[in-house]
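# Coordinates in review
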Amino acid sequence: MKGPILDLLRWGKEQGVKLNGVKPTRIPGQGIGVVATRRLKPGDEILTVPIPTIRSLPTVPEYITRQLGPEMTIHGLLAADLALDETDNHTPWRALLPARTDFEACTPLMWPDALQDLLPKTAKDILLKHREKFHTDWAAVSRAFPRLARDEYMHAWLLVNTRTFSYATPAMEKYPWDDQLALVPIADLINHADSGCVVAYSSQGFTVMADREYHKGEEVHISYGDYSNDFLLAEYGFVMARNRWDAVCLDDVLLPRLSARQKKELEDGGFLGGYLLTAEGGACARTRVALRLLARAGTRSRKSSGAGDEEDMDWKGTDIWLIRVLEDLAEVARKTMVTIADLEQVGLASQRELLALRWGQIEVAAVHATKQLNS
Ligand SMILES: C[S@@+](CC[C@H](N)C(=O)[O-])C[C@H]1O[C@@H](n2cnc3c(N)ncnc32)[C@H](O)[C@@H]1O
């Protein structure tokens, strides 16, 4: 039998990778994923990748670490290794990795500025950090390896960004925790869900255990983290239809409602900005603090005209302000979707569709929360 997935499985077997009741397969719209080939029970060890197959700081060739020096990030080193590797050691694994064009379709770092500018705040903040990190890594790599093309390095850098796991050897402990990374071939084919299988390192290597029962043919997931859709969009280039960790940033609609004095008061108390509407909990505690300040200002003016019980008005006032802010957010979302539709010559259709999809979700979240408050 032939085919890239079978070649990968053969290569994995030679490396000592053990797949137990699961296999990689193509999942429409998600590249490759991993599905159960039989009924799985909670606790079943479904995948083991031995330590020598894991690619991390200790496996980066010396000529790369030496040229790039001790200041280079592990992310940057792994990307340089991928981009410069001309050996056949990992050919079957590499054959299944997403192409540059796959990233172009959905990863904001590769989008034109006009679309990047329309990202929701949380996603844009992550994008700005990515730009800076990539710029720093690329500056060092392009100096050390002037023949490497920027596009090729960015492709490798995004591969590392979207498919590494946390990993630490003693030599890696001096690096920041979020740079203690490893590529784990075959385990990196497992897609994300808001909860999923258990991953762990042992003396055997990297293991994945079923978190619950799975039926034959069902896709097996892991959780990359408790991430909102803005985070998933900026880091991984996708959003989920249902995501219990989803959250929408309210800063752009709440901050303009506050007076300079109110902002100062919030800043002094450590409560300025970072306002979220969460899928599970509604407005976060920080948001409530800011809304209460807005409501108090209203209560004071009504109280001076002799109306109602102060505490009751304070509580109601908070919800009234939240409704106003949510209505603003829904309006911003609708307007942004119109702007995206007008940009039909900018970027790729897939990029615009993904961006509009996210703003559509934000509008739905704002309208839904408003309805709940009104009822
Ligand atoms: C670690 S890889 C998982 C394997 C990947 N699907 C592949 O074809 O190689 C992470 C990437 O898979 C895709 N992905 C993971 N989970 C997904 C999901 N729930 N929905 C859509 N795409 C997902 C995204 O492109 C993400 O950047």
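Residues numbered from 1 in each chain as written. Predicted model: local features only at pLDDT ≥ 70, side-chain atom pairs only at ≥ 80, totals over all residues.

- Per an unreviewed UniProt entry, the chain goes by the name SET domain-containing protein and belongs to Podospora appendiculata.

## Focus on the sheet that holds strand 11 (residues 276-278)
- Taken in spatial order, the three strands make up an open sheet running 10-11-12, and their pairing is antiparallel. What marks the edges here is a single partner per strand, and that holds for strand 10 (247-249) and strand 12 (282-283).
- Pairing of strand 10 with strand 11 involves three bridges; the strand directions are antiparallel. Each bridged residue has a counterpart across the sheet, and for Val 248 the counterpart in strand 11 is Leu 277. (Pairing = 2+ DSSP bridges. Helix = DSSP H or I, 4+ residues; strand = E, 2+ residues; numbered from the N terminus.)

## Side note on the UniProt feature "domain: SET" (unreviewed entry) in the chain
- The UniProt record annotates "domain: SET" (unreviewed entry) at residues 20-225.
- Taken end to end, residues 20-225 is 34% helix and 19% strand, and its two terminal C-alpha atoms sit 24 Å from one another. (UniProt positions renumbered as here; feature names shortened; annotations may be inferred.)

## Let's talk about helix 11 (residues 260-268)
- Here helix 11 lies mainly on the outside; zero of its nine residues are buried.
- At the exit of helix 11 stands Gly 270, carrying a positive phi of roughly 75 degrees. (Buried ≥ 20, exposed ≤ 12 C-beta atoms within 10 Å, placed from the backbone.)

## Some thoughts on the domain arrangement of the chain
- Considered domain by domain, the chain is made up of domain 1 (4-236) and domain 2 (247-374).
- Each of domain 1 and domain 2 has a C-alpha centre, and the two are 35 Å apart.
- At the junction of the two partners, domain 1 supplies 14 residues and domain 2 supplies 19 residues.
- Secondary-structure elements contributing two or more residues to the side of domain 1 that touches domain 2 are helix 5 (100-106), helix 6 (113-116), helix 7 (121-144) and helix 9 (229-236). (Domains from an automatic or database assignment. Contact = placed C-beta atoms within 7 Å.)

## Let's talk about unusual backbone geometry
- With a phi close to 80 degrees, Ile 186 is a non-glycine residue in the positive phi region.
- As for its position among the elements, Ile 186 is in the loop between strand 6 (181-183) and strand 7 (192-202).
- Take Ile 186: there are 25 C-beta atoms within 10 Å of it, and that puts it in the buried class.

## Focus: the sheet that holds strand 7
- Read across the sheet, four strands follow the order 1-4-8-7 without closing on themselves; strand pairing throughout is antiparallel. Unpaired on one side and paired on the other, strand 1 (18-19) and strand 7 mark the two borders of the sheet.

## A word on the confidence of the model for the chain
- Scored by pLDDT, the chain comes out at a mean of 95, with 95% of its residues at no less than 70.
- Two summary scores accompany this predicted model of the complex, namely pTM at 0.95 and ipTM at 1.00. (pLDDT = per-residue confidence, 0-100.)

## Considerations on the nonpolar core
- Grouped together as the largest cluster of nonpolar side chains are 91 residues, with contacts concentrated most on Leu 77, Leu 78, Ala 79, Val 160, Leu 250 and Leu 329.
- Here Leu 250 is in contact with Tyr 275, Leu 276, Leu 277, Thr 287, Val 325 and Leu 329, once residues within four sequence places are set aside. (Core = buried A, V, L, I, M, F, W, Y, C linked by C-beta atoms within 7 Å.)

## Digging into the packing of helix 3 (residues 74-84) against helix 7
- Where helix 3 meets helix 7, the axes come as close as 10 Å, and the angle between the chain directions of the two elements is 45 degrees. In terms of their interaxial angle, helix 3 and helix 7 are classed as oblique. As helix 3 packs across helix 7, the resulting crossing turns out to be right-handed. Between helix 3 and helix 7, the residues in contact are His 75, Gly 76, Ala 79 and Ala 80 and Asp 137, Ala 140 and Val 141, respectively.
- Here the contact of helix 3 with helix 7 is built from residues that sort into four nonpolar, two polar and one charged. (Axes fitted to C-alpha atoms, helices over the stretch in contact; angles between N-to-C directions. Parallel < 35°, antiparallel > 145°, perpendicular 65-115°, else oblique. Left-handed = near helix turned anticlockwise from the far one by under 90°. Nonpolar A, V, L, I, M, F, W, Y, C, P; charged D, E, K, R; others polar.)

## Some words on the packing of helix 7 against helix 8 (residues 150-163)
- In contact at an axis separation of 11 Å, helix 7 and helix 8 are set at 125 degrees when each is read in the N-to-C sense. Regarding the angle of helix 7 to helix 8, the classification is oblique. Along this stretch, helix 7 crosses helix 8, giving a crossing that reads as right-handed. Facing Phe 134, Asp 137, Trp 138 and Val 141 of helix 7, the residues of helix 8 in contact are Arg 150, Tyr 153, Met 154 and Trp 157.
- By residue class, the composition of the contact of helix 7 with helix 8 is six nonpolar, no polar and two charged.

## Digging into the site of the ligand
- Taken together, 15 residues surround the ligand, and among them Gly 31, Ile 32, Thr 162, Asn 191 and Tyr 236 come closest.
- Those elements that provide at least two residues to the shell around the ligand are strand 3 (32-36) and helix 8.
- Of the residues assigned to the shell around the ligand, the class counts are six nonpolar, seven polar and two charged. (Near = placed C-beta within 6 Å.)

## Some points on the environment of Thr 122
- As for its placement among the helices and strands, Thr 122 is situated in helix 7.
- Accessibility expressed as a C-beta count within 10 Å gives 20 for Thr 122, which makes it buried.
- Expressed as a C-alpha distance, the spacing of Thr 122 and Phe 231, which sit 109 residues apart in the sequence, is 6.9 Å.
- Not counting chain neighbours up to four residues away, the residues in contact with Thr 122 comprise Ser 228, Asp 230, Phe 231 and Cys 249.

## Considerations on the pairing of strand 4 (residues 45-49)
- The buried fraction of strand 4 amounts to four of the five residues, a majority that puts the element mostly inside the structure.
- Sheet topology places strand 1 next to strand 4; two bridges connect them, and they run antiparallel. Opposite Lys 18, over in strand 4, you have Thr 48 as the bridge partner.
- Here strand 4 pairs with strand 8 (residues 205-209) via four bridges, running antiparallel. Across the sheet, the residue bridging to Thr 48 is Thr 207, located in strand 8.

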